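Residues per chain, in single letters:
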Amino acid sequence: MDKKLFRSLLLLITYAIVLVAVIVKLDTVAGWLGGVAGAFRPLLIGGVIAFILNRPCNFFARQYETIFPGKGKGAARPLAVVTVYLIVIALITVLISMVVPEVTHSIEMFIGNISIYAANFQELFDWLVAKLDLEQLANLDLSTGISDSLKSLLTGALDTLTNTLPHLITMTSVVVSGVVTGVISLVFSIYMLSGAPRLTAQCRRLVQAYLPEKGAEHVLTVTRLTSDTFSKYVSGQMVEACILGGLCFIGMCIFRFDYAPLISVAVGVFALIPIAGAYLGAVLAVLLLVMIDPWQAVWFLVFLVALQQFEGNIIYPRVVGTSMGLPGIWVLAAVTVGGALLQLVGMVISVPLAAVAYTLLKQDLRARTAAQSAAPQPDSEEAPPQN
């Protein structure tokens, strides 16, 4: 038997055996892959942090190179890394000192006024019953039920935290594990950000050394496109979230809406999620405001819709730039599929991934169309013989 044919058959049989084993032991393989992913989690988180901070780090590195020319350029990158992390720490400190006390006060006020909100909700329910002639629901007392349910829920949570030692031990272990993962991820991000140019050059040399020339060029092109798309998307979403949250807080203070800090923070955080984030923030705000005053909830919806239109059509294109060129139907499809597969993470990363795939497909389609247009056309059919 030919050695080449024997090698191909052996490879095919091995592949079939491995595929059958994976299908039969799918749960075991999934658990093993989950363990591997957990082991690499600090590295992945550190890579994400370094990727997000890479653009401002490059900006500061260029500034320091102009300030320290010559031999001082070697210190530009470390100084840029230190500057970026100092700015991030300062922003987080300011945000916590300004927002957390207000949010805590809003939550405490909400808990203290649960009975009032339940009574308002009961009045709204009675008004709807009277308008819709729902006599069978006229004697239903929702105020007491809502108040008792919320109070029992809060009391049960407090009892669980104070009286159940295993829960406290579990929570402590989770917190410690999260802190350790965060510290290791931060260290990885610092190393990656400091050596980003060197790591990029090393990865480029590996691709060029182990792949054919055309394949290496294609991989590097796709990598550059993916990096640019994700960088533009991340910076755009973060800027949009900050602007939207700030404008929402200013507007709520002007119109004297309740829970302005809590709702503004929620709207800004949910704005990081494309399409669905706006609806999630609106739902949370309406649930809080409708128990105080239903008309206040209605006016807040009008205000939030107008704010989103103003921010999305006027401010966002000028501050961030044009969109990634992905049609709206594909954005909606990407968010839906990504959310179904990977929940919140899928909703966040699905749009840039879809934008990359859409751009590559469009480029390939143009290249194929140009090649077909440049190809020689076949000769026309011969004329039928004349009698």
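Please refer to the structure placed before this passage.
All of the points below concern the structure found in this document. (Residues numbered from 1 in each chain as written. Predicted model: local features only at pLDDT ≥ 70, side-chain atom pairs only at ≥ 80, totals over all residues. Heavy atoms only, no water.)

## Points about the overall build of the protein
Of the regular secondary structure elements, the protein holds 13 helices and zero strands. In sequence order, the protein lays out its α and β elements as α-α-α-α-α-α-α-α-α-α-α-α-α. Taken across its 387 residues, the protein has 23% of its residues classed as buried. Excluding contacts between residues fewer than 6 apart, the proportion of contacts in the protein whose partners are at least 24 apart in sequence is 66%. Carbon and sulfur atoms make up 71% of the accessible area of the protein, which totals about 26700 Å². (Helix = DSSP H or I, 4+ residues; strand = E, 2+ residues; numbered from the N terminus. Buried < 20%, exposed > 50% of the residue type's maximum accessible area, 1.4 Å probe, protein only. Contact = heavy atoms within 4.5 Å. Areas by Shrake-Rupley, 256 points an atom, 1.4 Å probe, with all protein chains shown as cover.)

## Notes on the packing of aromatic side chains
One pass over the full model with this rule turns up seven aromatic pairs. Through pairs of rings, three or more aromatic residues link up here, namely Phe 255, Phe 257, Phe 300 and Phe 303. (Phe/Tyr/Trp six-rings, centres within 6.5 Å; stacked < 30°, edge-to-face > 60°.)

## A few points about helix H3 (residues 41–67)
The first and last C-alpha atoms of H3 sit 38 Å apart over 27 residues, in line with the 39 Å expected at 1.5 Å per residue. The sharpest bend along H3 measures roughly 45° and falls at Asn 54, with the proline Pro 56 sitting one to four residues further on. Along H3, the residues that are buried comprise Pro 42, Gly 46, Ala 50, Leu 53, Cys 57 and Ala 61. (Expected span 1.5 Å × (residues − 1). Bend = angle between axes of the 7 residues up to and from the residue.)

## Here we look at helix H10 (residues 260–270)
Within H10, eight of the 11 residues are buried, leaving the element largely enclosed by the surrounding structure. For H10, every residue scored as buried is listed here: Ala 260, Pro 261, Leu 262, Ile 263, Ser 264, Ala 266, Val 267 and Gly 268.

## Quick look at a nonpolar patch on the surface
A cluster of nonpolar side chains, Trp 32, Leu 33, Val 36, Phe 40, Leu 43, Leu 44, Val 176, Val 180, Ile 184 and Phe 188, forms an exposed patch at the surface whose accessible area comes to about 910 Å². Elements that contribute at least two residues to the nonpolar patch include exactly helix H2 (26–39), H3 and helix H7 (165–194). It is H7 that contributes the most residues to the nonpolar patch, four residues altogether. Along the chain, Phe 40 turns up in the loop between H2 and H3. (Patch = residues over 30% accessible without salt bridge, like charges linked within 9 Å, V, L, I, M, F, W, Y side chains within 5 Å. Salt bridge = Lys/Arg side-chain N within 4 Å of Asp/Glu carboxyl O.)

## Some details on the nonpolar core
Note that soluble globular proteins tend to have their nonpolar side chains buried in a common cluster. Within the largest apolar cluster, 21 residues are counted, with the highest numbers of intra-cluster contacts made by Cys 248, Met 252, Ile 263, Val 267, Phe 300 and Phe 303. Listing elements by their share of this core, those giving two or more residues are helix H9 (213–254), H10, helix H11 (276–289) and helix H12 (294–319). If we ignore the near neighbours within four places in the chain, the residues touching Phe 303 are Leu 247, Cys 248, Gly 251, Met 252, Phe 255 and Phe 257. Residues Leu 53, Ala 80, Val 81 and Tyr 85 belong to the second largest nonpolar core, which totals nine residues. (Core = buried A, V, L, I, M, F, W, Y, C linked by side-chain atoms within 4.5 Å.)

## Looking at the pattern of salt bridges
Throughout the structure, instances matching the rule amount to one salt bridge. The salt bridge involving Arg 368 is made with Asp 364; its shortest N-O contact spans 2.8 Å. With Arg 368 and Asp 364 both in helix H13 (residues 328–374) and four residues apart, the pair spans about one turn of that helix.

## Notes on the side chain of Thr 83
Mapping Thr 83 onto the fold places it in helix H4 (residues 76–112). Aside from chain neighbours lying at most four places away, what touches Thr 83 is Phe 60 and Tyr 64.

## Some remarks on unusual backbone geometry
Its identity as a non-glycine residue notwithstanding, Arg 256 has a phi of 60°, on the positive side. In this fold, Arg 256 is placed in the loop between H9 and H10. The exposure class of Arg 256 is exposed, given its relative accessible area of 73%.

## A few points about the state of the cysteines
Here the structure, examined in full by the defined rule, presents zero disulfides. Between Cys 248, a cysteine without a disulfide, and Cys 253, which holds the nearest cysteine sulfur, the sulfur-to-sulfur distance is 9.3 Å. Relative accessible area serves as the criterion here: at 0%, Cys 248 is assigned to the buried category. (Disulfide = S-S within 2.5 Å.)

## Considering the side chain of Arg 77
Residue position: Arg 77 is located in helix H4. Of the side chains bearing the opposite charge, Glu 65 lies closest to the buried Arg 77, which forms no salt bridge; the N-O distance is 7.3 Å. A polar contact of 3.0 Å, which involves the side chain of Arg 77, links it to the backbone oxygen of Leu 193. Residues within four places of Arg 77 in sequence aside, it is in contact with Asn 54, Cys 57, Asn 58, Ala 61, Leu 193, Ser 194, Ala 196 and Pro 197. (Lys, Arg positive; Asp, Glu negative; His and termini not counted. Polar contact = N/O pair within 3.5 Å; in protein donor to acceptor, adjacent residues only side chain to side chain.)

## Notes on the packing of H9 against H10
Interaxial distance between H9 and H10 falls to 8 Å at its minimum, and their mutual angle equals 155°. It follows that H9 is roughly antiparallel to H10 by the angle criterion. Between H9 and H10 lies a crossing of right-handed hand. On the side of H9, the interface is formed by Ala 241, Leu 244, Gly 245, Cys 248, Phe 249, Met 252 and Cys 253, while H10 contributes Ala 260, Pro 261, Ile 263, Ser 264, Val 267 and Gly 268. For the contact of H9 with H10, the residue count by class is 10 nonpolar, three polar and no charged. (Axes fitted to C-alpha atoms, helices over the stretch in contact; angles between N-to-C directions. Parallel < 35°, antiparallel > 145°, perpendicular 65-115°, else oblique. Left-handed = near helix turned anticlockwise from the far one by under 90°. Nonpolar A, V, L, I, M, F, W, Y, C, P; charged D, E, K, R; others polar.)

## Considerations on the environment of Val 222
Mapped onto the fold, Val 222 is located in helix H9. By relative accessible area, which is 21% here, Val 222 ends up partly exposed. Along the backbone, Val 222 and Thr 359 are 137 residues apart, and their C-alpha atoms lie at a distance of 9.9 Å.

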